[in-house]
Each structure stands twice: as structure tokens, then as C-alpha cells.
Amino acid sequence: MKNFLSIEDVTDLKGLVNEALAFKHAPFSQPDLGNNKTLGLIFMNPSLRTRLSTQQAAYQLGMQVIVMNMNQDSWQLEFQDGTVMDGGTAEHVKEAAAVISQYCDVIGIRTFAGLQDVTADYQETVLNKFVAHAQVPVISLESATLHPLQSLADMVTIQEHQKSHKPKVVLTWAPHPRALPQAVANSFLQWAKQWDCELVLTHPPGYELAPEFTNGVEVIHQQDLALQDADFVYTKNWSSYQSYGQVLTKDPSWMITSEKMSLTNQGKFMHCLPLRRNVVASDEVVDQSLVVKQAHNRLFAAQAVLAQILNNE
Ligand code: CP
């Protein structure tokens, strides 16, 4: 694996999931793989799970880790070519990515959608510029449109908890007070489409995701109907793609409750976290959910990806 930016960088999904599970059973099985190698983690946005799990994953492989909060601790970056940089930006990504590559053997970068310019976000302008000018492998720690480390951890969690060969997996929109990116939902669809499952998507009108992610996915607009007999209820808010970045509704009837979970096949509630309790899902649902197990699996997902990059498999 050269970079890890999306599922397209994965040649064997089941193999990668099994590698993550192998690290879960033996976290220190390859303690020297990353000896004398440094992972640089660049955060342009906040994080709890990604920051801590990826650092710990690197330590378990013997790597050193450098973390930088780019927007707070560094110079403001310019991403456009040919710009007269006489405004707020002080350093061009051309130099920044190249310089970070002098100190690090692998770079992870988190860069959320701005939710202002759909073209810039969906072309992954920031991530792609960074990759273009980096001289070492790059791992997405969540980009404008995708969150592949989360999706890998989600597939690991489904693998561990599925009771049949072809579980029913429902991705449902849920309300949220703020406009959030579509990255987790897009990415989950990409990965779940390659998993052997019955995949159903449900959301209110106006929350359709980009067709490149929903092509071939069954969409049911009545949430109660979609949840029938579900084995997994993956819940996430996202802002509108068509009315880009807008919050069209905060309809509380889309919150996941125990009553809704009772429609499922004793289904498991999943969410990437952070989660606003009693807005996205009720306390009872969250307390009986897989959310902490998913977060735990972030560690082994990151470890498997780092191992493949270090081995350049
Ligand atoms: N799920 C996830 O990526 O969590 P953080 O934003 O806290 O890293």
C-alpha cells in the first residue's frame, strides 16, 4: 500500500480486516516494524479518536510520532498555485508538504470539508495538493469527502458482531444542530458496498448523498421501514449535498430510540463518535451500542494500515 486515502488503495478488504483483527489479538506482534521510522500527524481540525488511536497504533509498531495542529501551531497554508501571497496565507503547501516529508516517513492528515464550495471539497483539493507535494506515503485521517480509517474500523466491528453471512446494514441520517460533512456517510457506503451485506440507506428528502456513493444502494425514505430486521443500524448526521452544506431539517423524529431499535433484528447501533446524546440517539440506545468497540477498533485499523504502508504491500 502506497497511500491510504480511500478504499481504492485497498487491494484485499477482507485481508485488511483480518490483519486488523490479528493486531487486536496480538497488538505487539511486530514491535520492530516501525523502528527508526517517524509518523507525522497533521490536524487541520479537531479529533479525539483519530489522534489517539493512530498515535498508539504507531507506537505498537515501534514508530515515533510527531503531532501538529496545523491551524493553531503552524503558518496558514496556501493551496492555490500562482497566487500572490500578500494576504493571510504565509506558506504554500508545496513547501510545507515537502518539508514535513524531510522529517517524517509517513504523514497522516486530517482536513475536513469547508462546506462552502462543493467542487473544491469533492475534488479533495487540500488532500490532493498535500499528497502531490509530499515525498512520503500519506494516510487520510478524514478528508473533505471520506473517512477511510473509520470505515475500516467499522468493517472490523461488523465482522466481529455479524451473526449471518449477509447481515442487513442500514445507514440512517439523524438530526444534529450543526452542519456536518458527508465524509463518514460517503465512506461507509463505499466500504459497505464491498462487504457482503444487504445495504439500505435512509434519510429525509433533501439529504441525498452524491450519486457516486449511492449508485446501486437501496434508498428507503421511511426510516421505520428501512430499520425492519436490520442487524446493524449505522447512524450519522450529514448536511445536504444538493443544497450544499445546509441544515434543511432538525426533525427529532429521526433520532434513534429504543422503540426504533425494537424494529430491528436485535440490531446493533453503530456511530463513529462524537455523538450528541438525545439528539442523534437516546441514552438507552447509546449505552447498549457498539460505539466504544468501534472506537477501540480504530486502533487496530490504523495499525493494519501503517503495517501495510511500512511493508509497502
Ligand atoms: N470518529 C472520529 O474520527 O473521531 P475523532 O473526530 O474524535 O477523531
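Note that the structure is a prediction, hence the values are computed from the model and not measured.

**A closer look at the pattern of salt bridges**
Taken as a whole and assessed by the stated rule, the structure comprises five salt bridges. Notably, a salt bridge pairs glutamate 160 with lysine 24, separated by 2.9 Å at the nearest N-O pair. With glutamate 160 in helix α7 (residues 148–161) and lysine 24 in helix α1 (residues 13–25), this pair connects stretches of sequence that are 136 residues apart. Classification of glutamate 160 by relative accessible area gives partly exposed; the value is 33%. Classification of lysine 24 as partly exposed rests on a relative accessible area of 22%. One salt bridge connects arginine 277 with aspartate 283, and the closest N-O pair in it is separated by 2.9 Å. Classification of aspartate 283 as partly exposed rests on a relative accessible area of 27%. Through salt bridges that share partners, Arg277, Asp283 and Asp287 make up one connected network.

**Re the site of the ligand**
Lining the immediate surroundings of the ligand are Ser47, Leu48, Arg49, Thr50, Arg110, His147, Gln150, Cys272, Leu273 and Arg298. Between the ligand and leucine 48, the relevant distance is 2.7 Å, taken from an oxygen atom to a main-chain nitrogen or oxygen of the residue. A distance of 2.8 Å is found between an oxygen atom of the ligand and a side-chain nitrogen or oxygen belonging to arginine 110. Here the ligand loses 94% of its free accessible area of 250 Å² to cover by the protein chains. Grouping the constituent residues of the shell around the ligand by class yields three nonpolar, four polar and three charged. Each of domain 1 (7–146 + 298–312) and domain 2 (150–294) gives at least three residues to the shell around the ligand.

**Observations regarding the packing of aromatic side chains**
Using the criterion set out here, one finds seven aromatic pairs in the structure. An aromatic cluster of three or more residues is present, and its members are Tyr122, Tyr241 and Tyr244. Stacked on the ring of tryptophan 195, the Lys or Arg lysine 14 has its end atom at 4.1 Å from the ring centre.

**Things to note about the domain arrangement of the protein chain**
Split into domains, the protein chain comes out as domain 1 (7–146 + 298–312) and domain 2 (150–294). Computed from C-alpha coordinates alone, the two centres of domain 1 and domain 2 are separated by 25 Å. The junction of domain 1 with domain 2 conceals about 2,400 Å² of combined surface from both sides, 67% of it contributed by carbon and sulfur atoms. Looking only at domain 1, the three residues that lose the most surface to domain 2 are Ile7, Leu115 and Tyr122, adding up to 29% of its buried area.

**So, helix α13 (residues 291–311)**
If you check α13, its first and last C-alpha atoms are 30 Å apart, about what 21 residues at 1.5 Å a residue would give, namely 30 Å. Of all the 21 residues making up α13, 15 are buried; the element is thus mostly covered by neighbouring parts of the structure. Phi for asparagine 312, located one or two positions after α13, is positive at around 50°.

**A look at the pairing of strand β8 (residues 198–202)**
For β8, the buried fraction is high: four of the five residues fall into the buried class. Note that strand β7 (residues 168–173) and β8 share five bridges and pair parallel. Counted as the bridge partner of valine 170 is valine 200 from β8. Once you follow β7 into helix α8 (residues 183–193) and on to β8, the crossover reads as right-handed. The pairing of β8 with strand β9 (residues 218–219) spans two bridges and is classified as parallel. Counted as the bridge partner of leucine 201 is valine 219 from β9.

Definitions and cut-offs
- Residues numbered from 1 in each chain as written.
- Predicted model: local features only at pLDDT ≥ 70, side-chain atom pairs only at ≥ 80, totals over all residues.
- Heavy atoms only, no water.
- Salt bridge = Lys/Arg side-chain N within 4 Å of Asp/Glu carboxyl O.
- Helix = DSSP H or I, 4+ residues; strand = E, 2+ residues; numbered from the N terminus.
- Buried < 20%, exposed > 50% of the residue type's maximum accessible area, 1.4 Å probe, protein only.
- Near = heavy atom within 4 Å.
- Polar contact = N/O pair within 3.5 Å; in protein donor to acceptor, adjacent residues only side chain to side chain.
- Areas by Shrake-Rupley, 256 points an atom, 1.4 Å probe, with all protein chains shown as cover.
- Nonpolar A, V, L, I, M, F, W, Y, C, P; charged D, E, K, R; others polar.
- Domains from an automatic or database assignment.
- Phe/Tyr/Trp six-rings, centres within 6.5 Å; stacked < 30°, edge-to-face > 60°.
- Lys NZ or Arg CZ within 6 Å of the ring centre and 35° of its normal.
- Buried area = accessible area lost by both parts, 1.4 Å probe.
- Expected span 1.5 Å × (residues − 1).
- Pairing = 2+ DSSP bridges.
- Right-handed = clockwise from strand over helix to strand, strands pointing away.

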